Amino acid sequence: MSFVTGFLGELRLLRGSTSGHIALMTGILAPMLIGVAGGAIDVSSFVSHKSDLQSIADAAALGATKEAALNGWSSTVAVAVVNGYLEAHTRSGAEGTVRAKVDVEPAEKQVTVTLEQDHHPYFVVGYFVGSPQITVFATAQANNNVNICVIGLERADKATVSLETNAVISAPKCSLYSNSSSTSGLISSGNAKLTAQLSCSAGGYSGAPKNYNYDVPLTDCPAISDPMASRPPPT
């Protein structure tokens, strides 16, 4: 009887004690708190990755459209530009696997880039999104109907584009631009021959009509921006 009485007394003491409640509650709630914190960080990372991927798709579509327009709307050129953007702006393995799909539509003069990210080791988000985890796309369209073959980018010096002696440029299906404001920004002299659908100089030109096969160049043309300026440099 004394044993039973003593045991019951110990139980009453334990029931009345509160010294271990904090440790007990911490043990119960800790996994939940860690999960909530990890989920918040995970969602933030997911949103950031999607935003970054969209920016890459936008830039890649613009770059691919500019270069495809200069190369007869070549799918090979567009794909190479997009892959270059991916290599320059994504870290291998850091964002999981990123795949690119490139659609070139010559009739519409546009390029659509679709990027898909998968296999990123998210803490929580991975259980709630399918495969691929992130999909973004961007479409860019050329805003003119003239293919440009040659651009002289220098804006001040004379002879930004220069043909001398027996030099020949034959571009009957595309245009040539000189961005130079010089009165001799475009030169075709001697027996040189320039053939282009359109020859245009921001400044002036030098040479006789015989040096220009179709017609003498237009002058005071607006400067053309470098279509490859946004492309990552080769590595």
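This text follows the structure it describes.
Definitions and limits used
- The residue count restarts for each chain, going from 1 along the sequence in the order it is written.
- Only residues with pLDDT of 70 or above have their local features reported here, since the model is predicted, and side-chain atom pairs are shown and tallied only from 80 upward, although totals for entire chains, interfaces and linings are computed over all residues.
- With hydrogens and water excluded, all non-hydrogen atoms of the structure serve as input to the side-chain values.
- Where helices and strands are cited, they refer to DSSP runs of H or I of at least four residues and of E of at least two residues respectively, numbered from the N terminus.
- Take the number of residues in a helix, subtract one, and multiply by 1.5 Å to get its expected span.
- Side-chain atoms alone can form a polar contact between residues adjacent in sequence; in general such a contact is a pair of N or O atoms within 3.5 Å, and within protein one must be able to donate a hydrogen while the other accepts it.
- In this analysis, strands are considered paired if DSSP registers two or more bridges between them.
- We call a set of buried Ala, Val, Leu, Ile, Met, Phe, Trp, Tyr and Cys residues a nonpolar core when their side-chain atoms join them within 4.5 Å.
- Relative accessibility thresholds used throughout: buried, under 20% of the residue-type maximum; exposed, over 50%; partly exposed, between the two (1.4 Å probe, protein chains only).

**Q** How should unusual backbone geometry be read in this particular structure?
**A** For residues that are not glycine, phi is negative in most cases, and the peptide bond is trans in most cases. Unusually for a residue other than glycine, A159 sits at a positive phi of about 55°. Structurally, A159 is set in the loop between β4 (148-152) and β5 (161-163).

**Q** Please explain helix α3 (residues 75-89) as it appears in this structure.
**A** Since the α-helix packs 3.6 residues into each turn, any two residues three or four apart lie on the same face. Its 15 residues place the ends of α3 21 Å apart at the C-alpha level, agreeing with the 21 Å of an ideal helix rising 1.5 Å per residue. Near the N-terminus of α3, the side chain that reaches the backbone nitrogen of T76, with its oxygen 3.3 Å away, is that of S74.

**Q** Quick question: what am I supposed to make of the sheet that holds β5 here?
**A** For sheets, the rule is that strands pair by backbone hydrogen bonds, running either parallel or antiparallel. The 3 strands lie next to each other as β5-β7-β9, forming an open sheet whose pairing is parallel. Sheet topology places β5 and β9 (205-206) at the edges, where each strand pairs with a single neighbour. Pairing of β5 with strand β7 (residues 186-188), which is carried by 3 bridges, proceeds in the parallel orientation. Its bridge partner being in β7, S162 is matched across the sheet by I187.

**Q** I would appreciate a short explanation of the nonpolar core in the present structure.
**A** Soluble globular proteins tend to bury their nonpolar side chains together. Core analysis: the biggest nonpolar cluster contains 24 residues, and A64, W73, V111, V113, L115, I134 and V136 have the highest contact counts within it. Those elements that provide at least two residues to this core are α2 (21-70), α3, β2 (110-118) and β3 (134-141). Looking at which element gives the most residues to this core, the answer is α2, with 9 residues. Grouped together as the second largest cluster of nonpolar side chains are 8 residues, L163, L176, L194 and Y212 included.

**Q** What exactly am I supposed to notice about the pairing of β3 here?
**A** Looking along a regular strand, one sees the side chains alternate between the two faces of the sheet. Burial along β3 is one-sided: I134, V136, A138 and A140 are buried, while T135, F137, T139 and Q141, pointing the other way, are not. Where β2 and β3 come together, 8 bridges link them in antiparallel fashion. When the bridges of β3 are listed, E116 appears paired with T135.

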